[in-house]
Amino acid sequence: MNIALFGYGKMGKMIECLAVERGHEIVAKIDVGSGEIDFAKIDVAIDFSTPDAAYENITSCLKNNTPIISGTTGWLEKFDDVVQFCEEKNGAFIYASNFSLGVNIFFELNAHLAKMMKNLSQYEVSLEEIHHTQKLDAPSGTAITLAEGIIANTDYQKWKLDESGYKQIPITSKRIGDTPGTHTVEYTSEVDSIEIKHTAQNREGFALGAVVAAEWILGKTGVFTMKDVLNLG
Ligand SMILES: NC(=O)C1=CN([C@@H]2O[C@H](COP(=O)(O)OP(=O)(O)OC[C@H]3O[C@@H](n4cnc5c(N)ncnc54)[C@H](OP(=O)(O)O)[C@@H]3O)[C@@H](O)[C@H]2O)C=CC1
Ligand SMILES: O=C(O)C1=N[C@H](C(=O)O)C[C@H](O)C1
């Protein structure tokens, strides 16, 4: 499969290694200021760029009938526009705030726990995410997905960075060294606390998930999620 990488930073480089190991060819590495793109030779594109660049990268792939996998976080105010555009173009698109198998299992666990906690008003929920100091967005996309999973299964109505409130989930974001990504969901009462936690040891799980998603989407049309790819739940 011929893969184009939009964004050739920490993730782009890791994806290149894994994709080549799995027998794919990287036919384009698109970074800031790259010239014209020859879409004719691209089977599928993978975008791990920046919050400012993702929308343009994704829509240019859809305009050129190129399936696109995006893991870039921090641009989701335009997500609905992209979904509509993908449908208009009869294109193929997957976004995931986190491509790792472990985090996608963690998302299922989070939803299940939230259902169990729904009527237990003595517990209050909070989220914490820790990432490396170069990260541009906060809270992390993964923390937002976790908060949305709790909102969908309880009476909580929204999340807020660093702020508790009525029916509101507080998210704390910490930036420490080179931390690849640690997410904790905690329910606390007067007498105890329940905690579930996912710790990425490195970026390999994210990169492998993105390559698996690229392999999976070839020949399909529509807007999909990692739940479709991994056949979870
Ligand atoms: N969904 C998931 O599983 C994961 C998501 N992420 C997300 O992926 C994104 C990238 O992460 P990471 O690789 O660590 O970040 P990096 O900063 O290491 O890499 C981003 C790259 O994108 C480049 N870039 C900037 N503008 C454009 C553009 N217009 N088109 C193409 N590339 C561009 C940057 O170039 P320059 O440095 O010159 O600006 C840089 O090389 C982030 O949003 C992060 O949150 C990260 C890990 C896992
Ligand atoms: O920027 C990162 O590094 C990561 N970003 C994603 C996020 O915002 O959730 C996924 C992962 O945690 C690493």
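Thresholds applied
- Residues numbered from 1 in each chain as written.
- Chains lettered and ligands numbered in written order.
- Predicted model: local features only at pLDDT ≥ 70, side-chain atom pairs only at ≥ 80, totals over all residues.
- UniProt positions renumbered as here; feature names shortened; annotations may be inferred.
- Helix = DSSP H or I, 4+ residues; strand = E, 2+ residues; numbered from the N terminus.
- Near = placed C-beta within 6 Å.
- Nonpolar A, V, L, I, M, F, W, Y, C, P; charged D, E, K, R; others polar.
- Axes fitted to C-alpha atoms, helices over the stretch in contact; angles between N-to-C directions.
- Parallel < 35°, antiparallel > 145°, perpendicular 65-115°, else oblique.
- Left-handed = near helix turned anticlockwise from the far one by under 90°.
- Contact = placed C-beta atoms within 7 Å.
- Buried ≥ 20, exposed ≤ 12 C-beta atoms within 10 Å, placed from the backbone.
- Arc of directions from axis to C-beta.
- Domains from an automatic or database assignment.
- Pairing = 2+ DSSP bridges.
- Expected span 1.5 Å × (residues − 1).

The name recorded for the protein chain in an unreviewed UniProt entry is 4-hydroxy-tetrahydrodipicolinate reductase, from Maribacter litopenaei. One UniProt comment on the protein chain, placed under Subunit (unreviewed entry), says "Homotetramer."

K.L.:
Describe the UniProt feature "domain: Dihydrodipicolinate reductase C-terminal" (unreviewed entry) in the protein chain, listing the residues and the values that go with them.
P.N.:
Mapped onto this numbering, the UniProt entry annotates "domain: Dihydrodipicolinate reductase C-terminal" (unreviewed entry) at residues 102-230. As a span, residues 102-230 carries 37% helix and 29% strand, and end to end its C-alpha atoms are 11 Å apart.

K.L.:
Requested: an account of the site of ligand 1, with residues and values cited.
P.N.:
Taken together, the neighbourhood of ligand 1 is formed by 24 residues, with G7, G9, M11, A53 and G71 sitting nearest. Along the lines of polarity and charge, the residues of the shell around ligand 1 split into ten nonpolar, twelve polar and two charged.

K.L.:
I'd like to hear about the packing of helix α4 (residues 101-117) against helix α5 (residues 141-153), residue by residue, with values.
P.N.:
Where α4 meets α5, the axes come as close as 8 Å, and the angle between the chain directions of the two elements is 30°. Put simply, α4 runs roughly parallel to α5. As for the relative orientation of α4 and α5, their crossing is right-handed in sense. The residues of α5 that touch α4, namely those facing V103, F107, N110, A111, A114 and K115, are T142, T145, L146, G149, I150 and N153. Considered class by class, the residues forming the contact of α4 with α5 number six nonpolar, five polar and one charged.

K.L.:
Let's hear about helix α2 (residues 54-63): which residues, and what values?
P.N.:
Regarding α2, the residues found buried are A54, Y55, N57, I58, C61 and L62. Buried residues of α2, seen end-on, are gathered within an arc of 165° and therefore sit on one face of the element. Those residues of α2 hidden inside the fold are in contact with β1 (2-6), β3 (44-47), β4 (68-70), α3 (79-89) and β5 (92-95). Looking at the residues trailing α2, positive phi occurs at N65, about 55°.

K.L.:
Run through the site of ligand 2, naming residues and quoting values.
P.N.:
Taken together, T73, S97, N98, H131, K135, S140, G141, T142, G181 and F206 make up the full set of residues adjacent to ligand 2. In terms of residue class, the shell around ligand 2 is built from one nonpolar, eight polar and one charged. The two domains that each donate at least three residues to the shell around ligand 2 are domain 1 (2-99 + 204-230) and domain 2 (101-199).

K.L.:
Describe the sheet that holds strand β11 (residues 222-224), and please don't skip the residues or the numbers.
P.N.:
The strand order β2-β1-β3-β4-β5-β11 describes an open sheet built from six strands, whose pairing is parallel. Two strands in the sheet have a free side with no partner beyond their single neighbour: β2 (25-30) and β11. For this sheet, the mean inter-axis angle between neighbouring strands, taken without regard to orientation, is 20°. The pairing of β5 with β11 spans three bridges and is classified as parallel. Residue pairing in the sheet places I94 in a bridge with F224 of β11.

K.L.:
Could you give an account of α5, naming the residues involved and the relevant values?
P.N.:
Turn by turn, an α-helix covers 3.6 residues, leaving residues three or four places apart pointing in a common direction. The terminal C-alpha atoms of α5 lie 19 Å apart, and with 13 residues this matches the ideal 18 Å at 1.5 Å per residue to within 8%. Residues of α5 that are buried include every one of G141, T142, A143, T145, L146, A147, G149 and I150, and no others. Among the structural elements, α4, β6 (124-131), β7 (158-161), β8 (168-175) and β9 (182-188) are those in contact with the buried residues of α5.

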